[in-house]
Amino acid sequence: MKRVVITGMGTVSPVGGTAAEQADALDAGRHGLRAMPEWAAYKGLRSLVAAPAELKNEKAIPRQNRRSMSRMSIFAAQAAQEALRDAGLAPEGLGDGRTGCVAGSTTGSAIALAQVYETMLPEKDFSILQSMQFFQCLSHTVAMNLAQYLGLRGVLLATNAACASSLQAIGTAFDLVRSGRQDAVFCGGAEEVHATVTGSFDMLMAASTRYNDRPEAASRPFDAARDGLVCGEGAGILVVEELERAQARGARIHAEILGFHTCSGGSHISESNRDGIASCMRAALADARLEPAAIEYVGAHATATLQGDGEEAAAIRETLGDQVPVSSLKGNLGHTLGASGAIELVAILAGLERGHLYPTRNLETVAPECAGIRHVTALEPTAARTFLKNSFAFGGIHASLVCRRWTEGAPA
């Protein structure tokens, strides 16, 4: 099996339009949570907070590509351009059939879907729709638009597994490269926020409703006063490639991917399960051929839901013990859903390269059910290299990725 490394990273997130801007914001403890008073027009929607990203410079994307792109596909294209530059790849070499694309989202464009139904249903008239809206509504819209934009002719896959989408995409890319099927893969995910997205969680009693007048306090992973998640948007795209190829072309290497696993919890359609989470983490460690003691940090999924955070904390405690540092970035970024795994992975790596771990923002009082693990509550200096990133989704979907920050001259 070939060794696989991360050579390119790009993000658009609620706190910055690039990976460096995001890292600067996290260094300073900034957040992207905002009140959404315009959502009050939707009857029955109780959660009026979100973490939107800024859409800018979209016209830099050629119109022939942009016309089939929704907001989230534009985010993905912008993040991919940053990852391409970071990886030092030549754009003209991407169509060789050996460079693939794996990307996901929760659904097709939420904004486009809403517009289609709001436009069509009153008159039941298909003739008033724009043809390009179809391509924005497809479930694989991010993957297909990204591949077209980059001119890729390799493997093209879409991982549409809600909040686990982008981590599954990275894990799938890892498998494609280590098996030799592809030399490099652009991978990750994108998402866009809309009232209908938050409404889906609100109906399930999973969205924050208590802090509409204090949006900065609304996302509180592991905290005793948490009351649900805050939906966000953006994109995270990485370039993963075979180690020897990266070294031969003198690429800067951010990290090596060591192991991955994704599995079903098999017990509940909407609630996380500690046994399933623990099983997933153990399998990822086995794939990486590492013992639990090798993990020096855990990037938790922890969305600030009442049930999910407690189950993840229990699984971490059972699998990795009570001394490994743990934090969630959703107090800063909100829950960027299908993009969260990739966006947060980029943030973790940027933090490690800068020599610190990011804390869980808004964690003031650890909830009893989330106790027994070592929460990071302030920016913490670190020399850690090996870490595990979790992502979970409705349907009992679990995903865990094990990585090691690359340090030239350090033992592999």
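Residues numbered from 1 in each chain as written. Predicted model: local features only at pLDDT ≥ 70, side-chain atom pairs only at ≥ 80, totals over all residues. Heavy atoms only, no water.

Visitor: Give a description of the nonpolar core that names residues and reports values.
Guide: In this structure, Ile6, Ile170, Leu238, Val240 and Leu345 are the most contacted members of the largest nonpolar core, which totals 34 residues. Of all elements in the fold, only strand E1 (4-12), helix H7 (165-178), strand E6 (184-191), strand E7 (234-242), strand E8 (255-264), helix H13 (340-353) and strand E15 (397-405) reach the threshold of two or more residues within this core. Once residues lying within four places of it in the same chain are set aside, the contact partners of Leu345 are Ile6, Ile170, Leu238, Phe387, Lys389, Leu401 and Cys403. By size, the runner-up hydrophobic cluster in this structure holds 30 residues, among which are Ile61, Ala77, Ala143 and Ile237. (Core = buried A, V, L, I, M, F, W, Y, C linked by side-chain atoms within 4.5 Å. Buried < 20%, exposed > 50% of the residue type's maximum accessible area, 1.4 Å probe, protein only. Helix = DSSP H or I, 4+ residues; strand = E, 2+ residues; numbered from the N terminus. Contact = heavy atoms within 4.5 Å.)

Visitor: I'd like to hear about the pairing of strand E4 (residues 99-104), residue by residue, with values.
Guide: For E4, the buried fraction is high: six of the six residues fall into the buried class. Of the two faces of E4, both are covered, the one formed by Thr99, Cys101 and Ala103 as well as the one formed by Gly100, Val102 and Gly104. In this structure, E4 lies alongside E6, joined through six bridges in parallel fashion. Bridged to Gly104 within E6 is Gly189. (Pairing = 2+ DSSP bridges.)

Visitor: Pulling in residues and values, what's your account of unusual backbone geometry?
Guide: Even without a glycine there, the phi angle at Asn57 is positive, about 60°. On the secondary structure map, Asn57 appears in the loop between strand E3 (49-50) and helix H2 (63-66). When its relative accessible area of 57% is taken as the criterion, Asn57 is described as exposed. One non-glycine residue with positive phi stands out, namely Met205, at about 60°. Position of Met205 among the secondary structure elements: in the loop between helix H8 (195-203) and E7. Overall, the relative accessible area of 61% leaves Met205 in the exposed class.

Visitor: Can you lay out the packing of H7 against H13 for me, pointing to particular residues and giving the numbers?
Guide: Between two packed helices, both the angle of their axes relative to each other and the distance between the axes serve to describe the pair. Two elements in contact, H7 and H13, have axes separated by 5 Å at closest approach and are oriented at 70°. Considering the angle they form, H7 stands roughly perpendicular to H13. Packed against H7, whose contacting residues are Ser166, Leu167 and Ile170, the element H13 presents Ser340, Gly341, Ala342 and Leu345 at the interface. (Axes fitted to C-alpha atoms, helices over the stretch in contact; angles between N-to-C directions. Parallel < 35°, antiparallel > 145°, perpendicular 65-115°, else oblique.)

Visitor: Which residues make up helix H6 (residues 141-150), and what values go with them?
Guide: Counting buried positions over the 10 residues of H6 gives nine, a clear majority of the element. Among all positions of H6, only Thr141, Val142, Ala143, Met144, Asn145, Leu146, Ala147, Tyr149 and Leu150 are buried. Backbone geometry just downstream of H6 places Gly151 in the positive-phi region, at approximately 70°.

Visitor: Go over the side chain of Gln133 with me, naming the residues and quoting the values.
Guide: Topologically, Gln133 is positioned in helix H5 (residues 132-137). What makes Gln133 buried here is its relative accessible area of 12%. What Gln133 contacts, discounting residues up to four positions off in sequence, is Gln115 and Val116.

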